[in-house]
Amino acid sequence: MTYDSPFAAIGNTRDTQEVEAKVGAIVHSFAPGHDLSRITRTFSLLDRAFEGELPGYQKLKTLYHNRSHANEVVLCAARMLHGLELAGEGLDGDHIDAALIGALMHDVGYLMRDEEAAGTGAQFTDTHVLRGVDFVRTHLRDLPPEVLEATTKVILLTDHRKPSDRIRFESLQQQRAAYATATADLIGQMANREYLERLLLLYFEFEEAGMGGFSDIHSLLEGTSAFYRITKERLDRDLNGLSSHLRRHFSSDQGSDRNFYTESIERNLDYLDQVVRTERERRLACLKRGGVVEQVLEMKGEL
């Protein structure tokens, strides 16, 4: 199937079952014999954890870093792996698993334990990556040691505030797995059709964490284009420009020689430019997708 709209080409990331099926189909398109059982178990574990069904943990409360975000990252990561395979830089089975398990689990550190009574989990923004590594080492300890080690390095590289060269990789395969998922983390969220609306939710996470330096939601909106310029530099320089391989995936999978993720980000940034040129008191009326504005207004009373 071919698409004109880049948002339609990327697809729905709210439906976890649909995302899991797409991830499995993509993997089997380039690795037909790959055993998906590890990935399937991780989808199930994350379901239980985020729904508050895992002993010792509360239901996930963070507004921005939610299940849809995990879904968009793992789906983008699967497409990245396909693109790498088409470029002759594919991963073996263990590193396919490490990349995708890491994509699913990269923000699990926002989960709050039962004894952590206050907050939503956003207060752990600064430490959530290390908390996520601890979670994986505890709850996925049945993985082969080499897969578990690669998975933890995948998660560590999603701490985008730190330089990529701080992590010592044991092999090129391990590095590619981590770079693919770190790329998908950045690309996947900014290409989401509701990214601009979801920035409202991200602002409240930053506020709770005491991070970001934004005086209000408007300053976050106004600073997002500059953030993308920094992000683009990280993608191209620090993460070896792997996002370009997404075009190979869409060419093979949908018959379109286009990078729909890049196009979606460009559409979001173009519209953001219109929004920030609008008077502040009229901006929220421009953000109509996903019922996010209504959710925030109901939750907070006003922005």
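My aim in this report is to walk through the structure given alongside it, one point at a time. (Residues numbered from 1 in each chain as written. Predicted model: local features only at pLDDT ≥ 70, side-chain atom pairs only at ≥ 80, totals over all residues. Heavy atoms only, no water.)

### As for the environment of Ile-101
Basically, it comes down to this: What counts as a helix is a DSSP run of H or I of at least four residues, what counts as a strand is a run of E of at least two, and both are numbered from the N terminus. Residue exposure (1.4 Å probe, protein chains only): buried if accessible area is under 20% of the type maximum, exposed if over 50%, otherwise partly exposed. For this analysis, residues touch if any pair of their heavy atoms sits within 4.5 Å.
Secondary-structure assignment places Ile-101 in helix α5 (residues 93-105). On the basis of relative accessible area, Ile-101 is assigned to the buried category, the value being 0%. C-alpha of Ile-101 to C-alpha of Ile-39: the two residues are 62 residues apart in sequence and 6.2 Å apart in space. If we skip the residues at most four places from it in the chain, Ile-101 touches Arg-38, Thr-42, Leu-140, Leu-143 and Thr-151.

### A word on empty space enclosed by the protein
Selection criterion: Here the term cavity refers to a set of points on a 1 Å grid, laid over the protein atoms alone, in which a 1.4 Å probe fits but cannot get out; the term pocket refers to an open set having protein on both sides within 12 Å along at least five of seven lines, with lining residues being those that place an atom within 4 Å of a point. Grid points are joined across faces, edges and corners, and a volume is the space filled by probe spheres set on the points. Ten residue types, Ala, Val, Leu, Ile, Met, Phe, Trp, Tyr, Cys and Pro, are classed as nonpolar, four, Asp, Glu, Lys and Arg, as charged, and the remainder, Gly among them, as polar.
Within this structure, the stated rule accounts for one cavity of 30 Å³ or more. Of the pockets and cavities examined, the largest cavity occupies roughly 40 Å³. Taken together, the residues of the lining of the largest cavity sort by class into five nonpolar, four polar and one charged.

### Description of the side chain of Glu-72
This is how it is decided: In protein, a polar contact requires one atom able to donate a hydrogen and another able to accept it; more generally it is a pair of N or O atoms within 3.5 Å, and residues adjacent in sequence count only if both atoms are side-chain atoms.
By the element assignment, Glu-72 lies in helix α4 (residues 67-86). Exposure remark for Glu-72: the relative accessible area of 3% places this residue in the buried category. Within polar-contact distance, the side chain of Glu-72 engages the side chain of Arg-198 at 3.1 Å. Beyond its immediate sequence surroundings of up to four residues, Glu-72 is in contact with Thr-13, Gly-188, Gln-189, Asn-192 and Arg-198.

### Structural notes on the environment of Ser-244
Structurally, Ser-244 can be placed in the loop between α10 (217-238) and α11 (246-254). Take Ser-244: its relative accessible area is 45%, and that puts it in the partly exposed class. Along the sequence, Ser-244 and Glu-89 sit 155 residues apart, while their C-alpha atoms lie 13 Å from each other.

### Here's the deal with the pattern of salt bridges
Inclusion rule: Each reported salt bridge corresponds to a side-chain nitrogen of Lys or Arg within 4 Å of a carboxyl oxygen of Asp or Glu.
Tallying each qualifying case throughout the model produces 25 salt bridges. The shortest N-O distance in the salt bridge between Arg-14 and Glu-194 comes to 2.6 Å. A residue pair is termed long-range when its members are at least 10 positions apart, and Arg-14 in the loop between α1 (6-10) and α2 (16-30) and Glu-194 in the loop between α8 (172-190) and α9 (195-209) qualify at 180 residues. A salt bridge links Glu-222 to Arg-280, with the shortest nitrogen-to-oxygen separation between them at 3.3 Å. Pair noted here: Glu-222 is in helix α10 and Arg-280 is in helix α13 (residues 280-283), with a separation of 58 residues, a long-range link. Owing to a relative accessible area of 37%, Glu-222 belongs among the partly exposed residues under this scheme. On the accessibility criterion, Arg-280 (36% relative accessible area) is partly exposed. Look at the salt bridges and you will find they share partners, linking Asp-126, Asp-159, Arg-161 and Lys-162 into a network.

### Description of the packing of α5 against α8
Just so we agree on the cut-off: Only the contacting stretch of a helix is used when fitting its axis, a line to C-alpha atoms as for every element, and angles between N-to-C directions run 0 to 180 degrees. Any angle from 65 to 115 degrees is called roughly perpendicular, while one under 35 is roughly parallel, one over 145 is roughly antiparallel, and all others are oblique. Each crossing gets its handedness from the near helix: less than a right angle anticlockwise from the far helix is left-handed, clockwise is right-handed.
Closest axis-to-axis distance for the α5/α8 pair is 9 Å, and the angle between their directions is 30 degrees. Between α5 and α8, the angle is such that the two are roughly parallel. Relative to α8, α5 is oriented so that their crossing is right-handed. Listed contacts from α8 to His-95, Ala-99, Gly-102 and Ala-103 of α5 are Gln-173, Gln-174, Ala-177 and Thr-181. Here the contact of α5 with α8 is built from residues that sort into three nonpolar, five polar and no charged.

### Focus on the packing of aromatic side chains
Given two aromatic rings, one states the distance between the centres and the angle between the planes to describe the pair. For clarity, the cut-off: By convention, a stacked pair of Phe, Tyr or Trp rings (six-membered ring in the case of Trp) has centres within 6.5 Å and planes under 30 degrees apart, an edge-to-face pair has planes over 60 apart, and any other such pair is tilted. Here, over-ring charges are defined by two tests on the NZ atom of lysine or the CZ atom of arginine: distance to the ring centre within 6 Å, and angle to the ring normal within 35 degrees.
By the definition in use, this model includes six aromatic pairs. Between the aromatic rings of Tyr-57 and Phe-135, the centroid separation amounts to 5.3 Å while the plane-to-plane angle is 70 degrees, which identifies the pairing as edge-to-face. With a gap of 78 residues between them, Tyr-57 in the loop between α3 (37-50) and α4 and Phe-135 in helix α6 (residues 128-139) connect regions that are remote in the sequence. For the pair Tyr-57 and Phe-135, one class covers both residues: buried. With 6.0 Å between their ring centres and 75 degrees between their planes, Phe-169 and Tyr-179 make a pair best called edge-to-face. Here the residue Phe-169 occupies a position in the loop between α7 (145-157) and α8, and Tyr-179 occupies one in helix α8, the gap between them amounting to ten residues. For the pair formed by Phe-169 and Tyr-179, the shared burial category is buried. Members of the aromatic cluster, joined through ring pairs, are Phe-250, Phe-260 and Tyr-261. Here the basic side chain of Arg-131 rests over the ring of Phe-124, its NZ or CZ set 3.6 Å away from the ring centre.

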